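Here's the letter readout for the chains.
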Amino acid sequence: MMGKFKAAIITSSDSGYAGEREDKSGPLIREILEGNDYEVVHSILLPDERKMLAAEMARIADEGLAELILTTGGTGFSPRDCMPEATMDVTERLVPGIPEAMRAYMMSLTKRSMLNRCAAGIRGDVLIVNLPGKEGAVKAALEYLLPEISHAAEVIKGEK
């Protein structure tokens, strides 16, 4: 088996979708996941469109493509940032501790982390976690969260 868990990555960025900005966070998430025994089975860059983002998360979960969906981008204060709302639209159970822990940890690095609106939740047996959009924040947050996210995925799947 290629990886312990299958993961999907969704990047939310109007400018990335329009080809005006390179997505660096999505590929960084892939690199970190693959370095930790995950198989990245799907990766997509979408615009900041709530219905489109929600539909893609729901499709991945409902079709059983991945056990973990990580998103990047769309979690700030920009008028079009809507990833947390899209995530809450499709999750059946919220997991507030993950974004709370991420913000608490990230606050030790920069006070601006208090402005992060990330969410996390479960749809069926799939864990969905929003990560920040900036490359450095993604790296710090994911490396901090990954051991607990992996444990959570095992519990959801009934393996723990």
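Quantities reported herein were computed from a predicted structural model and do not represent experimental measurements.

Student: Describe the overall build of the chain, and please don't skip the residues or the numbers.
Tutor: Across its full length, the chain holds 6 helices and 6 strands. Ordered by position in the sequence, the α and β elements of the chain form the string β-α-α-β-α-β-α-β-α-β-β-α. Relative to the globule expectation of 15 Å for 160 residues, the C-alpha radius of gyration of the chain, 14 Å, shows essentially globular dimensions. Counting only C-alpha atoms, the chain reaches 40 × 35 × 30 Å along its principal axes. Residues classed as buried in the chain amount to 48% of the 160 residues present. Residue pairs in contact within the chain that sit at least 24 positions apart in sequence constitute 76% of those at least 6 positions apart. Summed over all atoms, the accessible surface of the chain reaches about 8000 Å², with 52% contributed by carbon and sulfur. A gap of 4 Å separates the mean positions of the 19 positive and 25 negative side-chain charges of the chain.

Student: Now, about the sheet that holds strand β4 (residues 93–94): what can you tell me, with residues and values included?
Tutor: Strand pairing in a sheet relies on backbone hydrogen bonds. The paired strands run either parallel or antiparallel. Within the open sheet, the 6 strands sit side by side as β2-β1-β3-β6-β5-β4. Their pairing is mixed. At either margin of the open sheet sits one strand with a lone partner, and together these are β2 (38–46) and β4. Pairing analysis gives 5 bridges linking strand β1 (residues 5–12) to strand β3 (residues 68–72), with the strands arranged parallel. Note on β3: the bridge partner recorded for Ile-9 is Leu-70. Helix-sheet contacts for helix α3 (residues 50–62) involve β1, β2, β3, β5 (120–123) and β6 (126–131), and the interaxial angle to β2 is about 155 degrees. Contacting β1, β2, β3, β5 and β6, helix α6 (residues 135–156) runs over the sheet at an angle of about 170 degrees to β6.

Student: Can you tell me about the packing of helix α2 (residues 25–34) against α6, naming the residues and giving the values?
Tutor: What describes two packed helices is the angle between their axes and the distance between those same axes. For the pair α2 and α6, the least separation of the axes is 10 Å and the interaxial angle reads 25 degrees. Comparing the axis directions of α2 and α6 gives the class roughly parallel. Along this stretch, α2 crosses α6, giving a crossing that reads as right-handed. In contact with Ser-25, Leu-28, Ile-29, Ile-32 and Leu-33 of α2, α6 contributes Glu-135, Val-138, Lys-139, Leu-142, Glu-143 and Leu-146.

Student: Give a detailed account of helix α4 (residues 83–90), specifying residues and quantitative values.
Tutor: At 3.6 residues per turn, the α-helix brings residues three or four places apart onto the same side. All of the buried residues along α4 are Met-83, Pro-84, Ala-86, Thr-87 and Val-90. On an axial view of α4, the arc spanned by its buried residues comes to 160 degrees, and they lie on one face. On its buried face, α4 sits against β1, α3, β3, β5 and β6.

The rules behind these values
- Residues numbered from 1 in each chain as written.
- Predicted model: local features only at pLDDT ≥ 70, side-chain atom pairs only at ≥ 80, totals over all residues.
- Heavy atoms only, no water.
- Helix = DSSP H or I, 4+ residues; strand = E, 2+ residues; numbered from the N terminus.
- Rg over C-alpha atoms; globule rule 2.2 N^0.38 Å.
- Buried < 20%, exposed > 50% of the residue type's maximum accessible area, 1.4 Å probe, protein only.
- Contact = heavy atoms within 4.5 Å.
- Areas by Shrake-Rupley, 256 points an atom, 1.4 Å probe, with all protein chains shown as cover.
- Lys, Arg positive; Asp, Glu negative; His and termini not counted.
- Charge placed at Lys NZ, Arg CZ, Asp CG, Glu CD.
- Pairing = 2+ DSSP bridges.
- Axes fitted to C-alpha atoms, helices over the stretch in contact; angles between N-to-C directions.
- Parallel < 35°, antiparallel > 145°, perpendicular 65-115°, else oblique.
- Left-handed = near helix turned anticlockwise from the far one by under 90°.
- Arc of directions from axis to C-beta.

Spatial relationships are all this shows, so hold off on functional conclusions.
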